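These are the residues of each chain, in order.
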Amino acid sequence: MEIFYSLLPELIRIVIAAICGAVIVFGNALVMGYAERKLAGHIMFRPGPMEVGPHGIYQLVIDGLKLMGKQLVIPKNADTPLFMLAPLIAFAPVFVPLLVIPFSDKIQGFDLDVGLLLILAFASINVLAILIGGWSSNNKYSLFGAIRSVAQNVAYEIPMLISLLAIIFMTNTFSLKEIAAAQSPVWFVVIQPLAFLIYIVAMVAETNRAPFDLPEAESELTAGFHTEYSGMSFSLFVLGEYANMFIVCSVATVFFLGGDSGIPLPYFEYTGIIWFLLKVYLLMFFLIWIRWTYPRTRFDQLMNFCWKYLIPFSLVNLLITVVMVKLL
Amino acid sequence: MAEQKKSLLNVHSYSKECAERYDGADLQQTKTSDGPPLIQMKLSDAIFDLCRANSLWPLTFGLSCCAIEMMCCGMARFDMARYGAEVFRPSPRQSDLMIVAGTVNRKMAPALVTLYEQMPAPRYVIAMGNCAVAGGPFAVEANYDVVLGVDKLIPVDVYIPGCPPRPEALIEGILQLQEQITGKRFPFPQNKMPEGA
């Protein structure tokens, strides 16, 4: 019983952090879904959703409810348990990385020593979900999409990790809070511009978004790995995708854009979250912008770009960083 | 100007015209029906119907020249996105609305029926253009290949005549479909666009 009382504050903290994580995941999906359709409209010189509420702001709520009301189709030859499991595996792990992201000095679930490793480990579960979904659908397009996704994500995780490793060598810690705090005079994007560029490219590929959305290329693969998913199971995949976008953009903010640093506001330990979210959503805006601007790459171009350019450049960058850290 | 244009948009719902043309008997044998939903609650039905009406995701599916008008409908000048209907899903599993835009051949018919059967339950069909409505210019003695009206294959909710119909007519058809789903006509347009847009 005493153990229980000593653990109680931690338990309450976990519950509150998990609730906040759920709010972020669903709120982020609503905001990003609306922003995506509205920005797509404006980029194509049309108004976008307009009639559902003022300027269509209820469009995503309406879409979500409609998807809930849709029939759930399970194909006859599908592997039913795996088929039902895949959307959950895509959706559930996104809550854990949100616990360690330092939104501001005081707003953080836990400050783990291995924060970055935790985020990368849980972010790569998404690949497993895509593979399971593609395999269990028993559909050739789903399977092709899943295979492409695995090849792409495994390849792009390497430059992503190495570019982040250069920062780790400079700060000597895996804790996200300390990394964010280490860039108080100068943001790491100034010191490590190459690592930042490589991370941005790898980030787009990791979240399977255009111009690297080969796993769901609709001109070749119908809808890729989620071809057979309807209704709520499809929307769980989409929720997972938007949450993953939020996570990779948060990591970019923490590692390169100074975390919550900005023009100091009153109660800066708490109000730092404003700057943090501003930077995250600017990066997300960038992701949407390039999605509706550039055409899709070919798959061999995609893989060549990773193995022949991104990985060597990130290794060189790492080497230079290590030498400079040793010398200075 | 707008009133004049409105009178030109002559869109027929699935009702008297269709029943008169086919006497019903021919249709009942061939069309597949979803039946009523298992659980029926008035309030939740009303809410879900409102949601379905305002987020009709069409299937990326065009058979011939009417599809050009359908694409035009999603572009800057007409913009179906205003009604939440611009999300053209490539997979039938994720779409609610099939716009049969063009001529249905005997060779295409099995694929069309398969696509319709792959769509999950609250699903709607718009027959766009004369060919999809009743065969159009192909309804002659010498015709050997064209299915005279897509409603011989699948149940159709809204018919849009025209060869091809203008994009405004397709938007009017979508508004008619919304009216059929919710039982209420949404004002057109709710948000006034600038003149000439």
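Here the residue index of a chain counts from 1 through its sequence in written order. Chains carry letters from A onward and ligands carry numbers from 1 onward, assigned in written order. For this predicted model, a pLDDT threshold of at least 70 governs which residues receive local features, and a threshold of 80 or more governs which side-chain atom pairs are given and counted, while totals over whole chains, interfaces and linings are taken from all residues. Each side-chain value is worked out from all heavy atoms of the structure, with water and hydrogens disregarded.

A. Region of interest: the overall build of chain A. Of the regular secondary structure elements, chain A holds 14 helices and zero strands. Put simply, DSSP marks the helices as runs of H or I at least four residues long and the strands as runs of E at least two long, and each gets a number from the N terminus on. The order of helices and strands in chain A, counted from the N terminus, is α-α-α-α-α-α-α-α-α-α-α-α-α-α. Radius of gyration: over C-alpha atoms. The globule rule applied is 2.2 Å multiplied by the number of residues raised to the 0.38 power. Relative to its length of 328 residues, chain A is compact, with a C-alpha radius of gyration of 20 Å against a globular reference of 20 Å. Once the C-alpha set of chain A is aligned to its principal axes, its extents read approximately 60 × 55 × 50 Å. When accessible area is computed with a 1.4 Å probe and restricted to protein chains, residues below 20% of their type maximum are described as buried, those above 50% as exposed, and intermediate ones as partly exposed. Counting all 328 residues of chain A, 51% fall into the buried class. Residue pairs at least 24 apart in sequence account for 77% of intrachain contacts in chain A once pairs closer than 6 positions are excluded. Per-residue and other accessible areas were derived by the Shrake-Rupley procedure at a 1.4 Å probe size, with only the shown protein chains allowed to occlude residues. Carbon and sulfur atoms provide 75% of the accessible area of chain A, an area that totals close to 15,200 Å². Positive charges are assigned to Lys and Arg, negative charges to Asp and Glu, while His and the chain termini are left out of the count. Charge positions are represented by NZ for Lys, CZ for Arg, CG for Asp and CD for Glu. Computed over 18 positive and 21 negative side-chain charges, the inter-centroid distance for chain A is 8 Å. Residue contacts are defined here by distance: any two heavy atoms, one from each residue, within 4.5 Å place the two residues in contact.

B. Representation of the overall build of chain B in the model. Scanning chain B for helices and strands turns up eight helices and four strands. If you list the helices and strands of chain B from N to C, you get α-β-α-α-α-α-β-α-β-α-β-α. Burial statistics for chain B: of 197 residues in total, 47% are counted as buried. Long-range pairs, those at least 24 residues apart, make up 79% of the contacts in chain B between residues at least 6 apart in sequence. Summed over its atoms, the accessible surface of chain B is roughly 9,900 Å², and 58% of this surface lies on carbon and sulfur atoms.

C. Up close: the environment of Ile107(A). Residue and element names in this part refer to chain A. Structurally, the position occupied by isoleucine 107 is in the loop between helix 4 (95-100) and helix 5 (115-123). Distance from isoleucine 107 to glycine 272, taken between C-alpha atoms, is 8.9 Å for residues 165 residues apart in sequence. When near neighbours in sequence (up to four residues on either side) are disregarded, isoleucine 107 contacts Ile101, Pro102, Glu269, Tyr270 and Ile273.

D. Representation of the pairing of strand 3 (residues 124-128) of chain B. Residues and elements named next belong to chain B. The element strand 3 is largely enclosed, with a buried count of five among its five residues. Both faces of strand 3 are covered, namely the face carrying Tyr124, Ile126 and Met128 and the face carrying Val125 and Ala127. Two strands make a pair as long as DSSP finds a minimum of two bridges between them. Pairing analysis gives five bridges linking strand 2 (residues 97-101) to strand 3, with the strands arranged parallel. Looking at strand 3, one finds that methionine 98 is bridged to valine 125.

E. A look at the packing of aromatic side chains. Within 6.5 Å between ring centres, the rings of Phe, Tyr and Trp (the latter by its six-membered ring) count as paired, and their orientation is classed by plane angle as stacked under 30 degrees, edge-to-face over 60, tilted in between. Overall, the coordinates contain 14 aromatic pairs over all chains when judged by the stated rule. Seen in terms of ring centroids, Tyr229(A) and Phe237(A) are 5.0 Å apart; in terms of plane orientation they differ by 75°. Their pairing is edge-to-face. On the accessibility criterion, Phe237(A) (6% relative accessible area) is buried. Counting every residue linked through ring pairs, the aromatic cluster contains Phe83(A), Phe225(A), Tyr229(A) and Phe237(A). Cation over ring: Lys66(A) sits above Trp57(B), and NZ or CZ is 3.7 Å from the ring centre. Here, over-ring charges are defined by two tests on the NZ atom of lysine or the CZ atom of arginine: distance to the ring centre within 6 Å, and angle to the ring normal within 35 degrees.

F. Quick peek at the packing of helix 1 (residues 2-43) of chain A against helix 13 (residues 268-291) of chain A. All names here are of chain A. Here an axis means a line fitted to C-alpha atoms, over the contact stretch when the element is a helix, while the angle between two N-to-C directions is reported on a 0 to 180 degree scale. Here helix 1 crosses helix 13 at 45°, and the two axes come no closer than 10 Å. As the angle between them shows, helix 1 and helix 13 are arranged oblique. In this structure, the crossing between helix 1 and helix 13 has a hand that is right-handed. In this structure, helix 1 contributes Asn28, Val31, Met32, Ala35, Glu36, Leu39 and Ile43 to the contact, and helix 13 contributes Tyr281, Met284, Phe285, Ile288, Trp289 and Arg291. Class assignment of the residues belonging to the contact of helix 1 with helix 13 gives a composition of 10 nonpolar, one polar and two charged. Orientation categories follow fixed angle ranges, with anything under 35 degrees roughly parallel, anything over 145 roughly antiparallel, 65 to 115 roughly perpendicular, and all other angles oblique. Left-handed is the label given to a crossing in which the near helix is rotated counterclockwise from the far helix by less than a right angle, and right-handed is the label when the rotation is clockwise. Under the grouping applied here, Gly and all other residues not named as nonpolar or charged are polar, the nonpolar ones being Ala, Val, Leu, Ile, Met, Phe, Trp, Tyr, Cys and Pro and the charged ones Asp, Glu, Lys and Arg.

G. Focus on the interface of chain A and chain B. Chain A puts 31 residues into the contact, and the matching count from chain B is 31 residues. Both faces combined, the contact of chain A with chain B buries some 2,800 Å², and carbon together with sulfur accounts for 58% of it. Two parts placed together each lose some accessible area; with a 1.4 Å probe, that loss summed over both constitutes the buried area. Three residues stand out in chain A for area buried against chain B, namely Glu51(A), Lys66(A) and Lys70(A), and they jointly supply 26% of the buried area on that side. The salt bridge definition used is simple: a Lys or Arg side-chain nitrogen within 4 Å of an Asp or Glu carboxyl oxygen. Along the contact surface separating chain A from chain B lie five salt bridges. The definition of a polar contact used here is a pair of N or O atoms within 3.5 Å, where within protein one atom must be able to donate a hydrogen and the other to accept one, and adjacent residues in sequence count solely through side-chain atom pairs. In this structure, the connection of chain A to chain B is made through 18 residue pairs in polar contact (both at pLDDT 80 or more). Here the side of chain A that touches chain B gets seven residues from one element, more than from any other, and that element is helix 2 (residues 59-68) of chain A. Tallied by class, the residues present in the side of chain A that touches chain B amount to 15 nonpolar, eight polar and eight charged.

H. Structural context of the packing of helix 12 (residues 231-256) of chain A against helix 13 of chain A. Residues and elements named next belong to chain A. Taken N-terminus to C-terminus, the directions of helix 12 and helix 13 make an angle of 120°; their axes are 9 Å apart at the nearest point. Classified by the angle their axes make, helix 12 and helix 13 are oblique. For the crossing formed where helix 12 meets helix 13, the hand is right-handed. The segment helix 12 lies against helix 13, with Met245, Phe246, Cys249, Ser250, Ala252, Thr253 and Val254 engaging Phe276, Leu277, Lys279, Val280, Tyr281, Leu283, Met284 and Leu287. Broken down by class, the residue content of the contact of helix 12 with helix 13 amounts to 12 nonpolar, two polar and one charged.

I. Structural view of the confidence of the model for chain A. Per-residue pLDDT for chain A has a mean of 86; in total, 100% of the residues score no lower than 70. Taking the mean pLDDT of every element in chain A, the minimum, 78, falls on helix 11 (residues 218-221) of chain A and the maximum, 90, on helix 10 (residues 193-206) of chain A. How sure the predictor is of each residue is captured by pLDDT, a score from 0 to 100.

J. Quick peek at helix 14 (residues 299-327) of chain A. Residues and elements named next belong to chain A. The terminal C-alpha atoms of helix 14 lie 41 Å apart, and with 29 residues this matches the ideal 42 Å at 1.5 Å per residue to within 8%. Listed in full, the buried residues belonging to helix 14 are Leu302, Met303, Cys306, Leu310, Ile311, Ser314, Asn317, Leu318 and Thr321. Packing partners of the buried residues in helix 14 comprise helix 7 (140-171) and helix 10. In a helix, the anticipated span is given by 1.5 Å times the number of residues less one.

K. Broad picture of the nonpolar core. Nonpolar core, defined: a set of buried Ala, Val, Leu, Ile, Met, Phe, Trp, Tyr and Cys residues in which side-chain atoms within 4.5 Å join the residues together. Judged by nonpolar contacts, the single largest core of 61 residues is most densely connected at Tyr156(A), Tyr199(A), Met203(A), Phe255(A) and Phe256(A). If you tally residues by element for this core, the top one is helix 12 of chain A, at 14 residues. In contact with Met203(A), not counting residues within four places along its chain, are Val248(A), Cys249(A), Ala252(A) and Leu287(A). The next biggest cluster of nonpolar side chains, apart from the first, holds 26 residues, and it includes Phe78(B), Tyr83(B), Ala101(B) and Ile160(B).

L. View of the pairing of strand 2 of chain B. Residues and elements named next belong to chain B. Most of strand 2 is tucked away: five of the five residues are buried. The two faces of strand 2 match: Leu97, Ile99 and Ala101 on one face and Met98 and Val100 on the other face are all buried. The parallel pair strand 2 and strand 3, bridged by helix 6 (residues 109-118), forms a crossover whose chirality is right-handed. Looking down the strands as they point away from you, a crossover is right-handed if its path from the first strand over the helix to the second goes clockwise.

M. Structural detail: helix 12 of chain A. Its 26 residues place the ends of helix 12 of chain A 38 Å apart at the C-alpha level, agreeing with the 38 Å of an ideal helix rising 1.5 Å per residue. At the exit of helix 12 of chain A stands Gly258(A), carrying a positive phi of roughly 75°.

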